[in-house]
Amino acid sequence: MSDVILETRALSKHFGGLKAVDSVDMSVREGTIHGIIGPNGAGKTTFFNLLTGLIEVTRGAVLFGGRDITGIPPERVAGIGMSRTFQNIKLFRFMTVLDNVKVGFHTRTKTGLLGAVVRNAAFRADETFVAEQGLELLDFVGLRKQAYNLAANLSYGTQRRLEIARALATDPKVLLLDEPAAGMNPSEKSEVMELIRKISSLGRTIVVIEHDMKLIMNLCDVITVLNQGLKICEGTPAEVRNDPDVISAYLGHARGA
Amino acid sequence: MKALVRMVQRHGTLSMLCAAGVLLAVPFLIRGNDYLLRIAINILLYSVLATSLNMINGYSGQFNIGQAGFYCIGAYTAAILATRYGVGFWLALPASGLIAALSSVLLGIPTARLRGIFLAICTLGFSEIVRLTILNWIEFTRGPMGIPGIPFPTFFGYEISSNFGFYFLILTIAAVTLFVCHRVLNSRIGRAWIAIREDELAAKSMGIPTTRYKIYNLAFGTFWAGAAGCFYAYLSSYVSADSFTLDEGFAILCMVLVGGPGSLIGPLVGAFFLVVLPEMFRFLAEYRLVIFGLAILVTMHVRPQGIAGGGVFAAIAPDSEEPAGKGAAS
Ligand SMILES: Nc1ncnc2c1ncn2[C@@H]1O[C@H](COP(=O)(O)OP(=O)(O)OP(=O)(O)O)[C@@H](O)[C@H]1O
Ligand SMILES: [Mg+2]
């Protein structure tokens, strides 16, 4: 059994009286693809926001590689090896596709003001590294041809892939994907599934939120089910599929499992 | 116009050389005419000021409308250093920039978390506080009397005392400003600023400490306004708080908006139009701001991204990254 890389203990987020995330314990093992499912409003995105420091934790703890990172400022998350995509796409719209990815390399480069002005050896090394690796990443997600287009001009599905490339540029140990296949047609979906498998096979741990059951059941090693902020079930796809609580949670929300 | 733009895009270096040639030739053509020389100097001075503001408003998206305050700080720094401490122009120039940048950090630390209109109001207030402090701190700034008697700058023993000389001085400053801005924008620092403008939360998630970078951006932008202030002090040999009212800040803002924020060429185009237009309508001198307001209205209606904004001159603004041969090959 591999080690746990990401763990939450009784993690909670209350918005006033609403318990959006309610005492969730979850362990993600290194190298796995870990799915999170649940009906709309179950607290999945809020859970990601807690992991990445975007919102304040009400109670509980987040551990990364055994280290307590509860309340970490969001700008430090990339540096420790965790990176994410957003359900409501958040690209740098009026930057080129390549520049979007280049921003992802921010924490892995060091050039200061002076280096940028005189273009010293360190700056040139940084820029070459960022440009080469950036193009390679675009190749990896199949966006090389669009490298010099504006991100705003990409189609919806393509924007999601660019967000993945940008997140990968930070060289994350754990990649958090919030509905990476939302709004895609079936062929785009299977492409994204392939992409996630490819990323996983390169040794990165993946946590993925998704509503598409076929995708999640095919892809994940472990699935955690949230409903109204609570973890109601966790297990292999086969276990989750047959769990009576899961079935009733989904039927109650008129979304077929 | 379209053909011109395309030509400029295709031959970036050549166009730059042509522009440099024209800028170097202009003072010789109008050498005897001090009025025209003054206009040319003003265009370049406002180009630096508008560029400095564009670094902030156009690239990191922080809405600063008090740039006149930093311009003022630069001018007074130079005036005081020159008249009281005998500091020469070439030392006063970076010193004025640094003092302006430093004061922007003092403003930036408490305001970096503010956005949009709230930040705008703070910068506006700051600009007025600077002016009123100078007006009232009589022992230090001589208040409403201003500081006269700023000596002419010298260059390797030659005194720069004519408009002809000042033209080349400001041309050099403008060239250095643009060169440095261009290089910084095309680095991880510039990319971080633009990322913050586009989506601050996403920038944070990419590991950019956005608060620090916003203050950094404010300091970088205001440095050039401070340097412009130093040039202005030496050019007029006299500084007074009257020259740095909110109107002045609005004028600089108009140049950025009309020319095209977020492009290096935009503020230069804006400075050109908004220096030349009021000269053409001299009889409307008191309505300078009305002319500027109209210019903004027309721009927003006809070309909301500004005359040269929205990538018209993209090939000479940021590095033209697509190597010519590559696009054809793939
Ligand atoms: N900033 C906020 N303030 C108040 N309530 C919030 C906030 N963010 C989320 N919520 C509420 O918390 C609950 C969980 O929302 P969340 O976005 O985490 O759900 P989700 O599982 O991601 O749903 P979906 O599948 O629709 O994306 C919802 O009821 C939502 O309205
Ligand atoms: Mg969600």
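**A short note on the environment of E163 of chain A**
All names here are of chain A.
Next, step 1: Checked against the element boundaries, E163 lands in helix α6 (residues 156-168).
Next, step 2: Exposure remark for E163: the relative accessible area of 1% places this residue in the buried category.
Next, step 3: Between the C-alpha atoms of E163 and T85, which are 78 residues apart in sequence, the distance is 5.8 Å.
Next, step 4: Every residue in contact with E163, bar those within four places of it in the chain, is listed here: T85, F86, I89, K90 and L91.
Next, step 5: Within the local environment of E163, its side chain forms a polar contact with the backbone nitrogen of F86, the two atoms lying 2.8 Å apart.

**Some thoughts on the interface of chain B and chain A**
Next, step 1: The interface is formed by 32 residues belonging to chain B together with 35 residues belonging to chain A.
Next, step 2: At the boundary of chain B with chain A, total buried surface from both sides reaches about 3,000 Å², with 61% on carbon and sulfur atoms.
Next, step 3: The largest per-residue losses of area from chain B upon contact with chain A belong to R188, R191 and M206 of chain B, which jointly make up 27% of the total buried on that side.
Next, step 4: Where chain B packs against chain A, one counts two salt bridges.
Next, step 5: Between E127 of chain A and R191 of chain B there is a salt bridge, with its nearest N and O atoms 3.0 Å apart.
Next, step 6: The interface formed by chain B and chain A includes nine residue pairs in polar contact (both at pLDDT 80 or more).
Next, step 7: Mapped onto the side of chain B that touches chain A, the elements with two or more residues apiece are α8 (163-185), α9 (188-198), α10 (200-205) and α11 (210-236) of chain B.
Next, step 8: Looking at the side of chain B that touches chain A element by element, the count peaks at eight residues for α9 of chain B.

**As for the confidence of the model for chain B**
All names here are of chain B.
Next, step 1: A residue-level look at chain B finds 90% of positions with pLDDT of 70 or above and a mean pLDDT of 85.
Next, step 2: Per-residue pLDDT stays below 50 along residues 312-330; that stretch engages in 29 contacts with residues further than four places along the chain or on separate chains.
Next, step 3: Among the scores for the predicted complex, ipTM is 0.92 and pTM is 0.90.

**With respect to the packing of aromatic side chains**
Next, step 1: Taken as a whole and judged by the stated rule, the model has 21 aromatic pairs over all chains.
Next, step 2: Aromatic side chains F89 of chain B and W90 of chain B sit 5.0 Å apart centroid to centroid with 90 degrees between the ring planes, which places their arrangement in the edge-to-face category.
Next, step 3: When its relative accessible area of 3% is taken as the criterion, F89 of chain B is described as buried.
Next, step 4: Judged by relative accessible area, which is 41%, W90 of chain B ranks as partly exposed.
Next, step 5: Summarising the aromatic geometry, the rings of Y232 of chain B and F244 of chain B are spaced 5.7 Å apart at their centres and angled 80 degrees between planes, so their arrangement reads as edge-to-face. Of the two residues, Y232 of chain B sits in helix α11 while F244 of chain B sits in the loop between α11 and α12 (246-259), which places them 12 residues apart along the sequence.
Next, step 6: The ring centre of F86 of chain A lies 5.8 Å from the NZ or CZ of K90 of chain A, which sits over that ring.
Next, step 7: When the ring centre of F92 of chain A is taken as origin, the NZ or CZ atom of R166 of chain A, which lies over that ring, is 4.7 Å away.

**Topic: the sheet that holds strand β8 (residues 205-209) of chain A**
Residues and elements named next belong to chain A.
Next, step 1: Taken in spatial order, the six strands line up as β6-β7-β8-β3-β9-β10 in an open sheet, and their pairing is mixed. Every interior strand has two partners, whereas the edge strands, β6 (82-84) and β10 (230-235), have only one. In this sheet, adjacent strand axes meet at a mean angle of 15 degrees when their direction is disregarded.
Next, step 2: Two elements, strand β9 (residues 222-227) and β10, share five bridges in a ladder whose sense is antiparallel. Its bridge partner being in β10, N227 is matched across the sheet by L230.
Next, step 3: Against the sheet, helix α1 (residues 44-51) touches β3 (33-37), β6, β7 (174-178), β8 and β9, its axis set at about 150 degrees to β7.

**What about the packing of helix α5 (residues 89-111) of chain B against α11 of chain B?**
A pair of packed helices is characterised by two quantities: the angle between their axes and the separation of those axes.
Residue and element names in this part refer to chain B.
Next, step 1: Packing of α5 against α11 brings their axes to within 7 Å, and their N-to-C directions diverge by 140 degrees. Taken as axis vectors, α5 and α11 run oblique relative to one another. Classified by chirality, the crossing of α11 by α5 is right-handed.
Next, step 2: Partitioning the contact of α5 with α11 into residue classes produces 17 nonpolar, six polar and no charged.

**Thoughts on the sheet that holds strand β1 (residues 4-15) of chain A**
In sheet architecture, strand pairing relies on hydrogen bonds along the backbone and comes in two forms, parallel and antiparallel.
Residues and elements named next belong to chain A.
Next, step 1: Taken together, four strands build an open sheet; the order of strands is β2-β1-β4-β5 and the sheet is antiparallel. The open sheet is flanked by β2 (18-29) and β5 (67-68), the only strands paired with a single partner.
Next, step 2: Pairing between strand β4 (residues 59-64) and β5: two bridges, direction antiparallel. Note on β5: the bridge partner recorded for L63 is D68.
Next, step 3: α1 contacts β1, β2 and β4 of the sheet and is inclined by roughly 115 degrees relative to β1.

**Regarding helix α4 (residues 67-85) of chain B**
Residues and elements named next belong to chain B.
Next, step 1: Between the first and last C-alpha of α4 there are 26 Å, a value that for 19 residues agrees with the 27 Å anticipated at 1.5 Å per step.
Next, step 2: Of all 19 residues in α4, 15 are buried; the element is thus mostly enclosed.
Next, step 3: One or two steps after α4, the chain reaches G86, where phi turns positive at roughly 60 degrees.

**Regarding a nonpolar patch on the surface**
Next, step 1: Residues W90, F155, F156 and Y158 of chain B make up a contiguous nonpolar surface patch of about 570 Å² in total accessible area.
Next, step 2: If you trace the backbone, F156 of chain B turns up in the loop between β1 (154-155) and β2 (158-159).

**Quick look at the coordination of the magnesium ion (ligand 2)**
In a perfect tetrahedron of four donors around a metal, the angles come out at 109.5 degrees. In a perfect octahedron of six, they are 90 or 180 degrees.
Residue and element names in this part refer to chain A.
Next, step 1: Around the magnesium ion (ligand 2), the protein contributes the donor atoms T45 (OG1) and Q87 (OE1), which lie 1.9 to 2.0 Å from the metal centre. Residue T45 is found in helix α1, and its partner Q87 is found in the loop between β6 and α3 (97-104); the two are separated by 42 residues along the sequence.
Next, step 2: The exposure class assigned to T45 is partly exposed, which follows from its relative accessible area of 26%.

**Some thoughts on the side chain of D126 of chain A**
Next, step 1: If you trace the backbone, D126 of chain A turns up in helix α5 (residues 121-141).
Next, step 2: It is R188 of chain B that comes nearest to the buried, bridge-free D126 of chain A among opposite-charge side chains, at 5.3 Å.
Next, step 3: Apart from residues no more than four positions distant in its own chain, D126 of chain A is found in contact with T109, K110 and T111 of chain A.

**Considering the site of ligand 1**
Residue and element names in this part refer to chain A.
Next, step 1: Taken together, 13 residues lie near ligand 1, and K44, T45, T46, Q87 and H211 sit nearest.
Next, step 2: Between ligand 1 and the protein, one listed contact pairs an oxygen atom with a side-chain N or O atom of N40 at 2.9 Å.
Next, step 3: Within the backbone of G43, one N or O atom sits 3.0 Å away from an oxygen atom of ligand 1.
Next, step 4: Contact with the protein chains covers 61% of the free accessible surface of ligand 1, which is 630 Å².
Next, step 5: When residues of the shell around ligand 1 are traced back to their parent elements, those giving at least two are β2 and α1.
Next, step 6: Here the element with the most residues in the shell around ligand 1 is α1; it accounts for three residues.
Next, step 7: Split by residue class, the shell around ligand 1 holds four nonpolar, seven polar and two charged.

Calculation notes
Residues numbered from 1 in each chain as written. Chains lettered and ligands numbered in written order. Predicted model: local features only at pLDDT ≥ 70, side-chain atom pairs only at ≥ 80, totals over all residues. Heavy atoms only, no water. Helix = DSSP H or I, 4+ residues; strand = E, 2+ residues; numbered from the N terminus. Buried < 20%, exposed > 50% of the residue type's maximum accessible area, 1.4 Å probe, protein only. Contact = heavy atoms within 4.5 Å. Polar contact = N/O pair within 3.5 Å; in protein donor to acceptor, adjacent residues only side chain to side chain. Buried area = accessible area lost by both parts, 1.4 Å probe. Salt bridge = Lys/Arg side-chain N within 4 Å of Asp/Glu carboxyl O. pLDDT = per-residue confidence, 0-100. Phe/Tyr/Trp six-rings, centres within 6.5 Å; stacked < 30°, edge-to-face > 60°. Lys NZ or Arg CZ within 6 Å of the ring centre and 35° of its normal. Pairing = 2+ DSSP bridges. Axes fitted to C-alpha atoms, helices over the stretch in contact; angles between N-to-C directions. Parallel < 35°, antiparallel > 145°, perpendicular 65-115°, else oblique. Left-handed = near helix turned anticlockwise from the far one by under 90°. Nonpolar A, V, L, I, M, F, W, Y, C, P; charged D, E, K, R; others polar. Expected span 1.5 Å × (residues − 1). Patch = residues over 30% accessible without salt bridge, like charges linked within 9 Å, V, L, I, M, F, W, Y side chains within 5 Å. Areas by Shrake-Rupley, 256 points an atom, 1.4 Å probe, with all protein chains shown as cover. Donors = N, O, S within 2.8 Å, 3.2 Å for Na, K, Ca; no water. Lys, Arg positive; Asp, Glu negative; His and termini not counted. Near = heavy atom within 4 Å.

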